[in-house]
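Observations on the model geometry
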Amino acid sequence: MDGSDQQPFRLKYKEVQEVALIVQKYGGTSVANHERIRNVAERVLKAQRKGNDVVVVASAMSGETNRLIKLATDITELPDLREYDALISTGENVACALLAVTINNLGGKARSLCAAQVPIWAEGGFKDALIKDIETENIKKLLKQGYAVVVTGFQAVDEKGDIHTLGRGGSDTSAVAIAAALKADVCEIYTDVDGVYTADPNICPQARKIDEISYDEIMEMASLGAKVLHIRSVELAKNHNVKVAVLSSFEDKPGTMVVEGGDEMEQVIVSGVAYDKNEAKITLPRVPDRPGVASMLFKPLGEAHIVVDMIVQNASEEGYTDMTFTVRKEDLPRAKKIAGEVARKLHAGEIRADLNIAKISIIGVGMRSAAGVAAKMFDTLARAGVNIQMISTSEIKVSCVIEDKYTELAVRELHSAFELHKPQKAHAKKAGKKK
Ligand code: ADP
Ligand code: ASP
Ligand code: MG
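Computed from a prediction, not measured in an experiment: that's the story for all the values here. Throughout this document, residue positions are counted from 1 along each chain, in the order its sequence is written. Numbering of ligands from 1 and lettering of chains from A proceed in the order in which they are written. With pLDDT at 70 or above as the cut-off, local features in this predicted model cover only qualifying residues; side-chain atom pairs require 80 or more to be listed or tallied, and sums for whole chains, interfaces and linings still use all residues. For the side-chain quantities, the full set of heavy atoms in the structure was used; hydrogens and water were omitted.

Focus on the sheet that holds strand β19 (residues 390–394)
- Two strands pair under a simple rule: DSSP has to find at least two bridges between them. Secondary structure elements are defined from DSSP: runs of H or I of at least 4 residues count as helices, runs of E of at least 2 residues count as strands, and each element is numbered from the N terminus. Across the sheet, 4 strands lie side by side as β13-β18-β20-β19; this open sheet has antiparallel pairing. Across the chains shown, the open sheet's two edge strands, defined by having one partner strand only, are β13 (272–276) and β19. Adjacent strand axes in the sheet meet at a mean angle of 20°, parallel and antiparallel pairs treated alike.
- Whether two residues are in contact is decided by their heavy atoms, any of which lying within 4.5 Å being enough. All axes are obtained by fitting lines to C-alpha atoms, using only the stretch in contact for helices, and the reported angles, taken between N-to-C directions, cover 0 to 180 degrees. Contacts from helix α12 (residues 373–383) reach β18 (357–363), β19 and β20 (397–403) within the one sheet, and its direction differs from that of β20 by about 20°.

As structure tokens, this is what we get:
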């Protein structure tokens, strides 16, 4: 963005610094050890000293959720999901209690609350639950008594008292949901980068920080793998008008503000590149080419709460088709089991699974009215010697599945081909879609 006729970000952010109720979310790296927890505690105390009410949402210490998942999956690939959630949600309890201990030790007043103590009510299955409702009474009571309230991210509880988790990266969603329920003035997402960039700054050194990003663009980036914000956190923020800022927990720098992308926003053609290494590809070869077959496969996957992303169907021989689709790696064992049963019923070929894939995407709201964007992406990948295995497009993105070893190369090449290191020029807004 050239920002010439926009209010400088710093001023906008200053406005929200002077508010009364702030939700601050700290990710795993920000609470990775005692020193970092102390840094978070000091930030919380600083915000309180300015007269704000502060609710903190914390994730598990970095690496902890992965460690807990491994403890379960070392026993079985298909653990009982109730017990799985009971186990993997515990990292957040530890981090929140440690943070409260630290704040209290520094002379402050903090109370940690797990989801059941708030309560944060779950709906849907285990492992990927949604937040149905958040009761705010307990939090408000503690805030009134001067406490910093430290709430576990990633967790929700159902009427039976069972703990559910919200999907990997779900603490962002906890924070925004709490901010929405409390009608907080801002939800600050503190992480290990100082904002949202045009691509992951950890793999693309040319990536440029974006001062303001529209809900739609960050939603698309998040859904395409840019894990800086959990996708549902952005949906919730948009639907409930929550002001979200992405900031560094290590440095005091202006971050990225998520804003309404109205007409005043620049409609850049490509605003970012994202990648996702968390998907796997399943192929059912030689499936009969007749009505009802796709539903026979995708209905049971949906019923098992397995999210299917890309789907490609290619005619193989007369009367048959190969069905290829992608799921999250963590769902692969369950998806393979279901697809295997369907393949047997259909007398299809042996199912194949490929874990060595990555999805690379370019995103931009101005793509709606620009021609040749997809072609430029394919050409850039071809020049870099990267083969495209699957393609999917929407109005504001193009995604390609490639072999995962080319991820970093593909991200950098696309970033440079679309000149994302330079501030982007707004594209003339025209009707119609011309990818
Ligand atoms: P936290 O533990 O704080 O929730 P995450 O690891 O979930 O942090 O998210 C932050 C990470 O997101 C960064 O370290 C960065 O590698 C990654 N990331 C991916 N795409 C982007 C992007 N476009 N802008 C900023 N960070 C990104
Ligand atoms: N600790 C959880 C995870 O690693 C939730 C989060 O970090 O947001 O996925
Ligand atoms: Mg995260």
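So, the site of ligand 2
- Close to ligand 2 lie S59, A60, T65, E92, F154, R168, G169, G170 and S171.
- Here an oxygen atom of ligand 2 sits 2.7 Å away from a polar atom, N or O, in the side chain of R168.
- Whenever two N or O atoms come within 3.5 Å, that pair is a polar contact, provided that in protein one can donate a hydrogen and the other can accept it, and provided that, for residues adjacent in sequence, both atoms are side-chain atoms. For ligand 2, an oxygen atom lies 2.9 Å from a polar atom in the backbone of G169.
- Areas reported here follow the Shrake-Rupley algorithm with a probe of radius 1.4 Å; residue values treat only the protein chains shown as occluding. In isolation ligand 2 exposes 260 Å². Once the protein is present, 86% of that is buried.
- Asp, Glu, Lys and Arg are counted as charged, while Ala, Val, Leu, Ile, Met, Phe, Trp, Tyr, Cys and Pro are counted as nonpolar; the rest, among them Gly, fall into the polar class. Of the residues in the shell around ligand 2, the class split is 2 nonpolar, 5 polar and 2 charged. Put simply, a residue is near a molecule or strand once any heavy atom of it comes within 4 Å of that molecule or strand.

Describing the packing of aromatic side chains
- Each Phe, Tyr or Trp ring, with Trp reduced to its six-membered ring, pairs with another whose centre is within 6.5 Å; inter-plane angles below 30 degrees give stacked pairs, above 60 give edge-to-face pairs, and intermediate values give tilted ones. Evaluation of the coordinates by the stated rule reveals 2 aromatic pairs.
- Residues Y26 and Y190 carry aromatic rings whose centres are separated by 4.9 Å and whose planes lie at 10° to one another, so their mutual orientation is stacked. Placement of Y26 in strand β1 (residues 21–26) and of Y190 in strand β9 (residues 186–191) is noted, with a sequence separation of 164 residues between them.
- Where F298 meets F325, the ring centres are 5.3 Å apart and the plane angle is 80°; that geometry is what we call edge-to-face. Placement of F298 in helix α10 (residues 293–303) and of F325 in strand β16 (residues 320–328) is noted, with a sequence separation of 27 residues between them. Note on accessibility: F298 and F325 belong to one class, buried.
- Residue placement shows K109 over the ring face of Y147; its charged tip is 4.6 Å from the ring centre.
- Whether a charge sits over a ring comes down to the Lys NZ or Arg CZ being within 6 Å of the ring centre and within 35 degrees of the ring normal. If you follow R111 out to its NZ or CZ, it ends over the ring of Y147, 5.0 Å from the centre. When accessible area is computed with a 1.4 Å probe and restricted to protein chains, residues below 20% of their type maximum are described as buried, those above 50% as exposed, and intermediate ones as partly exposed.

As for the site of ligand 1
- Not every one of the 17 residues close to ligand 1 is listed here, only the nearest: T191, D192, Y197, D200 and N202.
- At 2.8 Å from an oxygen atom of ligand 1 is found a side-chain nitrogen or oxygen belonging to D192.
- Contacts to ligand 1 include D200, whose side-chain N or O atom sits 2.8 Å from an oxygen atom.
- Coverage of ligand 1 by the protein amounts to 89% of the 570 Å² it exposes when considered alone.

Brief notes about helix α13 (residues 407–417)
- Inspection of α13 places T407, A410, V411, L414 and H415 among the buried residues, and these make up the whole buried set. Across the axial projection of α13, the buried residues extend over an arc of 125°, all falling on one side.
- If you follow the buried residues of α13, they end up packed against β13, β18, α12 and β20.
- Phi turns positive one or two residues past the end of α13, at E419, with a value near 50°. The arc in question is the one traced by the directions running from the helix axis out to the C-beta atoms.

Some points on the pairing of strand β4 (residues 120–123)
- Where burial is concerned, the two faces of β4 differ: the one with I120 and A122 is buried and the one with W121 and E123 is not.
- In this structure, β4 lies alongside strand β5 (residues 130–134), joined through 4 bridges in antiparallel fashion. By the bridge assignment for β5, W121 is matched with D133.
- With antiparallel pairing between neighbouring strands as the criterion, β4 and β5 make up a hairpin whose turn holds 6 residues, including G124 at a positive phi of roughly 90°.

A look at the packing of α12 against α13
- Look at α12 against α13: their axes get within 10 Å of each other, and the N-to-C directions meet at 130°. On the basis of the axis angle, α12 is oblique to α13. The chirality of how α12 crosses α13 is right-handed. On the side of α12, the interface is formed by K376, M377, T380 and L381, while α13 contributes A410, E413, L414 and A417.
- Residue classes in the contact of α12 with α13 are distributed as 5 nonpolar, 1 polar and 2 charged. Oblique is the label for every angle not falling under 35 degrees (roughly parallel), over 145 degrees (roughly antiparallel), or within 65 to 115 degrees (roughly perpendicular). Each crossing gets its hand from how the near helix is turned against the far one by less than a right angle, where anticlockwise is left-handed and clockwise is right-handed.

Quick word on the environment of I120
- Structurally, the position occupied by I120 is in strand β4.
- Separated by 38 residues in sequence, I120 and D158 place their C-alpha atoms 8.5 Å apart.
- With residues near it in sequence (within four places) discarded, I120 still touches A115, I131, D133, I134, V151, T152, Q155, A156, V157 and I178.

Describing the environment of A129
- Within the fold, A129 resides in the loop between β4 and β5.
- Accessibility expressed as a relative area gives 0% for A129, which makes it buried.
- Taking the C-alpha atoms as reference points, A129 and Q155, separated by 26 residues in sequence, lie 8.7 Å from one another.
- Filtering out sequence-adjacent residues up to four positions away, A129 remains in contact with A122, E123, H164, T165, L166 and R232.

Some details on the confidence of the model for the chain
- Taken as a whole, the chain shows an average pLDDT of 91; of its residues, 92% reach a score of 70 or greater.
- Confidence of the predictor at the level of single residues is captured by pLDDT, which takes values from 0 to 100. In this model residues 1–15 is a low-confidence stretch, pLDDT under 50, and it forms 27 contacts with partners more than four residues away in sequence or in other chains.

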